[in-house]
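Residues per chain, in single letters:
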Number of protein chains: 2
Amino acid sequence: MGKVLTVDTMNANVKKVEYAVRGPIVQRAVQIEKELKEGVKKPFNEVIKANIGDAHAMGQQPITFFRQVLALCSYPELLDDNKFPEDAKNRARRILKACGGSSIGTIDCVRQDVSRYIEHRDGGIACDPDNIYLTTGASDGIVTILKLLTTGEGRTRTGVMISIPQYPLYSAALAELGAVQINYYLNEEKCWSLDIDELQRSLEAAREHCRPRVLCIINPGNPTGQVQSRQCIEDVIRFAAKEHLFLMADEVYQDNVYAEGCAFHSFKKVLFEMGPKFSSTVELASFHSTSKCYMGECGFRGGYMEVINMDPEVKAQLTKLVSVRLCPPVPGQALMALVTNPPQPGEPSYAQFIAEKTATLNNLAQKAKMTEEILNTVPGIRCNPVQGAMYSFPRITLPERAIKDAKAKGQVPDMFYCMKLLEETGICLVPGSGFGQKEGTFHFRMTILPPTDKLQTMLRKLKEFHQQFTQQYS
Amino acid sequence: MGKVLTVDTMNANVKKVEYAVRGPIVQRAVQIEKELKEGVKKPFNEVIKANIGDAHAMGQQPITFFRQVLALCSYPELLDDNKFPEDAKNRARRILKACGGSSIGTIDCVRQDVSRYIEHRDGGIACDPDNIYLTTGASDGIVTILKLLTTGEGRTRTGVMISIPQYPLYSAALAELGAVQINYYLNEEKCWSLDIDELQRSLEAAREHCRPRVLCIINPGNPTGQVQSRQCIEDVIRFAAKEHLFLMADEVYQDNVYAEGCAFHSFKKVLFEMGPKFSSTVELASFHSTSKCYMGECGFRGGYMEVINMDPEVKAQLTKLVSVRLCPPVPGQALMALVTNPPQPGEPSYAQFIAEKTATLNNLAQKAKMTEEILNTVPGIRCNPVQGAMYSFPRITLPERAIKDAKAKGQVPDMFYCMKLLEETGICLVPGSGFGQKEGTFHFRMTILPPTDKLQTMLRKLKEFHQQFTQQYS
């Protein structure tokens, strides 16, 4: 008798899941690192990982105040230590006290902090803590809301509109849940902007074979780095209202805005500024996390979602559903409390906090600019401005012969390109095909996270590689 | 136009999910706490929560060494502080170093620590770190394995055998995944032991309407507190082999064994001691977490699973699936490294670590005994020995008239009982119906976690309540 569980007898939806960010390129990169350690000769000394948005792994320093409070919460005897500033101690005492009284999984004061943060961010528009659900990173919240929305079979199956290129969590979650993925394409020629006509086109095409119910937006964009204009957000909300779609706004890069003339506008704020016709009807879930922005604390898996205009009975179902999985990690919850309630003017840690936050964001802005500029000096690479988030998603021209060779090897051409880049230079990127792209175009996603000097070296090596590659296959 | 997402148009599987541990009783308990704060007069001063297995929430102290290392990892500047012992600093340095080099989500040294821990626990039986998957608490691992195993439609739908009474994570996960729940009843008369004939009966009945593929065991038992004998585990393994079932062993209470003559035997160890006929064929996933035992660190959401004899292609699918959700919380991973690699003899923290661990486990053993003894003095309550885990699950006799009154109110009788108990005494328990029980029998689950004096008071109040209740409805 064979095994109970084989690829032939396993959940077919799981098999359909794809996740390029940790795909074969990364596996090979890990292998190469091992080989380097074992003394295998390579044309480079180290693997440079520009594949995932983990800022600290690339050397970004955590915010001191956050880590002080977390240490105090972990080991409260440090509350007697005069090395720690009073405001850090006060935050720790407050969190510890709230934990002691908690029986419902999430720490109540965190939801209050989150709700005040949102109100402040959105110029005073009210935020009810009962609309806040703490999550294990944003991914957890996104999957949970998609799960609620997934129903039907065949032509009544829930369809979910996602941007292409997309962050592959979305396609993976939809595959796992058995929902229908509806692709709308961002406009690369217009700096990856979102086009309402394209939304309309993809919606109408999808209605032939499923029931579209959800529209997902990532702003600032991953992997494409664009920042949506206020006008665009208004148009999207109008579209969702007209077409009766549930809106999901992935806003985890809300502090990561670099380009002049760009600003972050939350979907919540724009929705409420559009007046009651929209603010009292359009259903919206927005997501944030501790993993990006100036914090970069991926490892703590902190996050929240705010739900607007959600049916109260559905909210009760949501509360039940998240209870089964018990609480999100408490250190992540504590961190979210600090992110949403950081040191204030007059508090002892304020100056250092602002200095660290500003330095981190300025450094990212500088690297965003540098990435765009250097990439655009390479013939055959065209890079849109990195307006926000942590990634560039440049288009690459691949010679016909490279495309043929890739196909002969059974590889997608940009996978072929990225694998060769890794083998020859140690640079680890993710092929554009992992995020989706227009048929016949090729891209890669590169984070802007390596330290400035390393990023510069990397971009120089990439330039040389691309020129050689083009020559070799022309 | 109505809302996009309503209870009528939401995922029907989610609606079927039930989770009694955080149900109406707990919601009412939270409300009562608020009322007490607001000065509402009650016949009691505080709500005593004996509903969830959160040891720290009930006053159990965390292990000093664990918290020291976590503080050092959170705020590495403390590495210069001579208040911290050297072994704590060494552990922190090792974890921090491993984090720096990590690109694959989980910290590699944690899986190595886990694997050495398992080898030591199981008397030297080899454990391959590649069979270890770190998880966000045990729940996460359990749901993930169930997800892999869920396939089919109608009569080919995957059936999963779970004990009744069960921990409601299982029924909730099966409802959400749309798998078929197959109930096998534990034998209350024989101290909640597992009976192979009953497994056979439930399996055969289930084969009429689904495809049974999985057998889940919780040992030590939740909510029933029994500890399985080595013989019983052998029989279960033989049964799984004969009936071609994938075994899932929930072993999160592996250190919580109190009764004389009882010992924890891991399914892995027994499997390998049964020889290659079994050890090379039976597919097994076992689960552990940082939340129970002497650690009680629920908030960190640390856990691991070990998979044995899993098809390599399925393992690749599993690795992909967990990658999409990114890594388990890093503080939880670090904690798992400490639990599986605690201070050793000769290290400065060893004596304190052993003293704290022993004191916690002894205290639990004492409370387990006390709970059983006091409950069994109450006419109409019959409590099996609490051999392990953290719960008693006593059977209660309810007067006919109480059962009638409950039904008239649309309440399950033991819910009616527990709600009344809460209102009159402030004691918060979970009705047996939330875990499943034989038709016509009634129980409640009560944790043994309140501090000894509070537990004693609680048991006394419970006794008085039960006597009054019986009188009132007779």
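So, how was this worked out
- Residues numbered from 1 in each chain as written.
- Chains lettered and ligands numbered in written order.
- Predicted model: local features only at pLDDT ≥ 70, side-chain atom pairs only at ≥ 80, totals over all residues.
- Heavy atoms only, no water.
- Pairing = 2+ DSSP bridges.
- Helix = DSSP H or I, 4+ residues; strand = E, 2+ residues; numbered from the N terminus.
- Axes fitted to C-alpha atoms, helices over the stretch in contact; angles between N-to-C directions.
- Contact = heavy atoms within 4.5 Å.
- Domains from an automatic or database assignment.
- Buried area = accessible area lost by both parts, 1.4 Å probe.
- Salt bridge = Lys/Arg side-chain N within 4 Å of Asp/Glu carboxyl O.
- Polar contact = N/O pair within 3.5 Å; in protein donor to acceptor, adjacent residues only side chain to side chain.
- Nonpolar A, V, L, I, M, F, W, Y, C, P; charged D, E, K, R; others polar.
- Buried < 20%, exposed > 50% of the residue type's maximum accessible area, 1.4 Å probe, protein only.
- Arc of directions from axis to C-beta.
- Parallel < 35°, antiparallel > 145°, perpendicular 65-115°, else oblique.
- Left-handed = near helix turned anticlockwise from the far one by under 90°.
- Expected span 1.5 Å × (residues − 1).
- Core = buried A, V, L, I, M, F, W, Y, C linked by side-chain atoms within 4.5 Å.
- 1 Å grid on protein atoms, 1.4 Å probe; cavity = no way out; pocket = protein on both sides within 12 Å on 5 of 7 lines; lining within 4 Å.
- Points joined across faces, edges and corners; volume = space filled by probe spheres on them.

## Here's the deal with the sheet that holds strand β5 (residues 211-218) of chain A
Residues and elements named next belong to chain A.
Now for step 1: Sheet architecture is open: seven strands sit in the order β2-β8-β7-β6-β5-β3-β4, paired in mixed fashion. The open sheet has two free edges, formed respectively by β2 (132-136) and β4 (180-185), since each of these has just one partner strand. Averaged over all pairs of adjacent strands, the angle between their axes in this sheet comes to 25°, without regard to strand direction.
Now for step 2: Relative to β4, strand β3 (residues 158-164) runs parallel, the two sharing six bridges. Residue pairing in the sheet places I162 in a bridge with N183 of β4.
Now for step 3: Sitting on the sheet, helix α13 (residues 330-340) is in contact with β2, β7 (284-289) and β8 (302-308), with an inclination near 65° to β8.

## Side note on the domain arrangement of chain A
Residue and element names in this part refer to chain A.
Now for step 1: Examined at the domain level, chain A breaks down into domain 1 (12-59 + 355-472) and domain 2 (102-340).
Now for step 2: Each partner contributes residues to the interface: domain 1 has 37 residues there, and domain 2 has 38 residues.
Now for step 3: Around 3,000 Å² of area is buried between domain 1 and domain 2 when both sides are counted, 58% of it from carbon and sulfur atoms.
Now for step 4: The largest share of the area that domain 1 buries against domain 2 comes from Q387, A389 and F435, three residues that together contribute 21% of it.
Now for step 5: On inspection of domain 1 and its partner domain 2, the count reaches two salt bridges.
Now for step 6: Residues R395 and E188 are paired through a salt bridge, measuring 3.5 Å at the closest nitrogen-oxygen approach.
Now for step 7: Counting the contacts that link domain 1 with domain 2 gives 17 residue pairs in polar contact (both at pLDDT 80 or more).
Now for step 8: Across the side of domain 1 that touches domain 2, the residue classes break down as 17 nonpolar, twelve polar and eight charged.

## Observations concerning the environment of P168 of chain A
Now for step 1: Within the element layout of this structure, P168 of chain A appears in the loop between β3 and α7 (169-177).
Now for step 2: Between the alpha carbons of P168 of chain A and P76 of chain A there is a distance of 40 Å; along the sequence they are 92 residues apart.

## Considerations on helix α15 (residues 400-408) of chain B
Residues and elements named next belong to chain B.
Now for step 1: All of the buried residues in α15 are A402, I403 and A406. Buried residues of α15 fall within an arc of 100° about the axis and therefore sit on the same side. Summarising the geometry of α15, the exposed residues directed more than 90 degrees from the buried face are E400, K404 and A408.
Now for step 2: Of the surrounding elements, those touching the buried residues of α15 are α16 (413-425) and α17 (452-472).

## Digging into the packing of helix α6 (residues 137-149) of chain B against helix α12 (residues 312-324) of chain B
Residues and elements named next belong to chain B.
Now for step 1: Where α6 contacts α12, the two axes come as close as 11 Å, and the packing angle between them is 130°. When the axes of α6 and α12 are compared, the pair comes out oblique. Handedness of the crossing formed by α6 with α12: right-handed. Judged by residue contacts, T144, I145, K147 and L148 of α6 engage V314, L318, L321 and V322 from α12.
Now for step 2: Here the residues of the contact of α6 with α12 sort into six nonpolar, one polar and one charged.

## Here we look at α17 of chain B
All names here are of chain B.
Now for step 1: In this model, α17 (21 residues) spans 30 Å end to end at C-alpha, consistent with the 30 Å of a helix rising 1.5 Å per residue.
Now for step 2: Looking at α17, one finds that the buried residues are L455, M458, L459, L462, F465, H466 and F469. Buried positions in α17, seen along its axis, are confined to an arc of 130° and lie on one side of it. Across from the buried face of α17, at angles greater than 90 degrees, the exposed residues are D453 and Q471.

## Overview of the nonpolar core
Now for step 1: In this structure, I145 of chain A together with I145 of chain B are the most contacted members of the largest nonpolar core, which totals 250 residues.
Now for step 2: Once residues within four sequence positions are removed from consideration, I145 of chain B is found in contact with F246, M248, A285, F287, M305, V307, M310 and L318 of chain B.

## Things to note about empty space enclosed by the protein
Now for step 1: Evaluated as defined, the whole model comprises five cavities of 30 Å³ or more.
Now for step 2: If you go around the largest cavity, the residues you meet are V143, L169, A172, A173, E176 and L177 of chain A together with K147, V324 and R325 of chain B.
Now for step 3: The computed volume of the second largest cavity comes to approximately 50 Å³.
Now for step 4: Taken together, S163, P165, Y184, L186, L194, I217, I218, G221, N222, T224, Q226 and Q228 of chain B form the lining of the second largest cavity.
Now for step 5: Within the lining of the second largest cavity, the residues separate by chemical class into six nonpolar, six polar and no charged.

## A few points about the sheet that holds strand β8 (residues 302-308) of chain B
Residues and elements named next belong to chain B.
Now for step 1: Taken in spatial order, the seven strands line up as β2-β8-β7-β6-β5-β3-β4 in an open sheet, and their pairing is mixed. The sheet is open, and its two edges are formed by β2 (132-136) and β4 (180-185), each paired on a single side. Going across the sheet, the axis of each strand differs from the next one's by a mean of 25°, ignoring polarity.

## Focus on the interface of chain B and chain A
Accessible area lost upon the coming together of the parts serves often as the stated size of an interface.
Now for step 1: Of the residues lining the interface, 75 residues belong to chain B; the matching set on chain A comes to 73 residues.
Now for step 2: If you sort the residues of chain B by the area they bury against chain A, V4, L5 and R325 of chain B come out on top, with a joint share of 11%.
Now for step 3: Applying the counting rule to chain B against chain A returns four salt bridges.
Now for step 4: Here E176 of chain A makes a salt bridge to K147 of chain B, at a shortest N to O gap of 2.5 Å.
Now for step 5: At the junction of chain B with chain A, the criterion picks out 36 residue pairs in polar contact (both at pLDDT 80 or more).
Now for step 6: Contributions of two or more residues to the side of chain B that touches chain A are made by α1 (12-16), α3 (64-74), α6, α7 (169-177), α9 (230-243), α12 and α13 (330-340) of chain B.
Now for step 7: By residue class, the composition of the side of chain B that touches chain A is 38 nonpolar, 19 polar and 18 charged.

## Structural notes on the pattern of salt bridges
Now for step 1: According to the stated counting rule, one finds 58 salt bridges over all chains in the structure shown.
Now for step 2: Between E198 of chain B and R201 of chain B there is a salt bridge; the shortest N-O distance is 2.7 Å. Placement of the pair is E198 of chain B and R201 of chain B together in helix α8 (residues 196-207), with a separation of three residues, close to one helical turn.
Now for step 3: For R201 of chain B, a relative accessible area of 41% translates into the label partly exposed.
Now for step 4: A single salt-bridge network, built from bridges that share partners, covers R230, E234, R238, K269 and E273 of chain A.

## Focus: the packing of α6 of chain B against α7 of chain B
When two helices pack together, their arrangement is given by the angle between the helix axes and by the axis-to-axis distance.
Residues and elements named next belong to chain B.
Now for step 1: At their nearest, the axes of α6 and α7 sit 10 Å apart, and the two run at 40° to each other. On the basis of their axis angle, the class for α6 and α7 is oblique. In the crossing of α6 with α7, the sense of the turn from one axis to the other is right-handed. Within the contact between the two elements, α6 uses S139, I142, V143, L146 and K147 and α7 uses L169, Y170, A173, L174 and L177.
Now for step 2: Classifying every residue of the contact of α6 with α7 by side-chain character gives eight nonpolar, one polar and one charged.

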